[in-house]
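If you want the building blocks of each chain, they are given just below.
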Amino acid sequence: MKKTVTTLADGRELIYYDSRDDAVRDAVDPRPLTPVVSRSEIRYDELTGDPVAVASHRQARTYQPPADACPLCPGGRDGHESEIPVADYEVVVFENRFPSLSGGVGRCEVVCFTDEHTASFAGLTEERARLVLDAWTDRTAALSALPGVEQVYCFENRGQEIGVTLPHSHGQIYAFPYVTPRTARMRSRLDEHRAATGRNLFDDVVARERADGERVVLETAHWIAFVPYAAHWPYEVHLYPKHRVPDLLALDEAARTEFAQVYLELLRRFDRLFGPDEPPTPYIAAWHQAPFTDERREDFGLHLELFTVRRASGKLKFLAGTESGMGAFMNDVRPEDAARRIREVATA
């Protein structure tokens, strides 16, 4: 992997990741941009203790632009202006112009998986998917070293139903100045389980799913994917390396090599869940890594959670009164039935 670091016209960092050592990325951003002025504020809910980022500058962010004005397409084609001033690229990471976290309270980055406007992650080659994994890992290392950063979160939102504002295939990376509420709850459960049993919670969850087998949808030499016993979402899969590690940095070469094949297969199955006449399945893919400020972070189990808000053909799972108001999830699909369906749509 070759990494080329440069800056955009307003001073934001732009990083190219290439599979070829001879790739040259020396184009200059020609746009007359003024420096980004954004400052997020972290407030804490007095009743729950949950942090909330207030970022009012994001109201002006780009929303569903036409293809010929896409800010993630290559900017070196036919005079097109974009965030990436080259004629083509493989994987690119840059600082978000409209970040949720900024001004010394974290950082937000955009990850472009491909220069093709209509492509999807599921359509990438295994080599490109591996390059994305390497970019996630490199950015995790860099962002975790920034002052005040406690947790690094790599994720992809796919589909308008999820709330995506740019259709071009991309993901994001957030460097949080705090431990996110979901991770904090996992950490608490991990401690409780250790105190009660003397064992690691993540190890026990994976062992139980392997032993039961009913919710396992895919297993290889180095990875296992299953629908969780108490899935929140209609179709939800958790992907774990079989050898527990706390973060992407700790994955060994064998697991890294096999990841692309496994992950692409899961994404392609998701696109086949609801039949050939249904539009591409909207989903969120979320990497859970140990907080970097956690003294017991080696106990944490790196995993990826993949889920969709589509519960049936033409029907979405909305977070209505119980979920949004009380955080009490109601699932419309039995996890064992979801697992069976995900196995049924495996590549022939």
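Before reading on, note that the structure itself is shown above.
Figured I'd write up the structure that's included with this text. (Residues numbered from 1 in each chain as written. Predicted model: local features only at pLDDT ≥ 70, side-chain atom pairs only at ≥ 80, totals over all residues. Heavy atoms only, no water.)

Let's talk about the nonpolar core
Counting residues in hydrophobic clusters, the biggest one holds 55 residues, and the most contacted among them are F121, W136, V217 and W287. Considering every element that reaches this core, the biggest residue donor is helix 4 (residues 253–272), with nine residues. In this view, W136 contacts F113, F121, C154, I173, L248, F259, Y263 and W287; residues no more than four positions away in its chain are not counted. (Core = buried A, V, L, I, M, F, W, Y, C linked by side-chain atoms within 4.5 Å. Buried < 20%, exposed > 50% of the residue type's maximum accessible area, 1.4 Å probe, protein only. Helix = DSSP H or I, 4+ residues; strand = E, 2+ residues; numbered from the N terminus. Contact = heavy atoms within 4.5 Å.)

Quick word on the sheet that holds strand 9 (residues 216–219)
What the eleven strands build is an open sheet, ordered 1-2-5-6-8-7-12-13-11-10-9; its pairing is antiparallel. With one partner strand each, in any of the chains shown, strand 1 (2–7) and strand 9 form the two edges of the open sheet. Direction aside, the axes of adjacent strands within the sheet are offset by 20° on average. For strand 9 and strand 10 (residues 223–226), the ladder comprises three bridges, and the chain directions are antiparallel. Note on strand 10: the bridge partner recorded for L218 is A225. (Pairing = 2+ DSSP bridges. Axes fitted to C-alpha atoms, helices over the stretch in contact; angles between N-to-C directions.)

Focus: the packing of helix 2 (residues 181–197) against helix 3 (residues 201–212)
At a minimum axis separation of 9 Å, helix 2 and helix 3 run at an interaxial angle of 85°. When the axis of helix 2 is compared with that of helix 3, the two are roughly perpendicular. Taking contact as the criterion, the partners of M186, R189, L190 and H193 in helix 2 are, on helix 3, L201, F202 and D204. A per-class count over the contact of helix 2 with helix 3 returns four nonpolar, one polar and two charged. (Parallel < 35°, antiparallel > 145°, perpendicular 65-115°, else oblique. Nonpolar A, V, L, I, M, F, W, Y, C, P; charged D, E, K, R; others polar.)

A look at the packing of helix 1 (residues 126–144) against helix 4
Between helix 1 and helix 4, the shortest axis-to-axis distance is 9 Å and the interhelical angle comes to 120°. The angle between helix 1 and helix 4 falls in the class oblique. Judged by the sense of rotation from one axis to the other, the crossing of helix 1 with helix 4 is right-handed. Note on element contacts: helix 4 touches helix 1 through E253, R256, T257, F259, A260, Q261, Y263 and L264, opposite E126, A129, R130, L133, D134, W136 and T137. Considered class by class, the residues forming the contact of helix 1 with helix 4 number seven nonpolar, three polar and five charged. (Left-handed = near helix turned anticlockwise from the far one by under 90°.)

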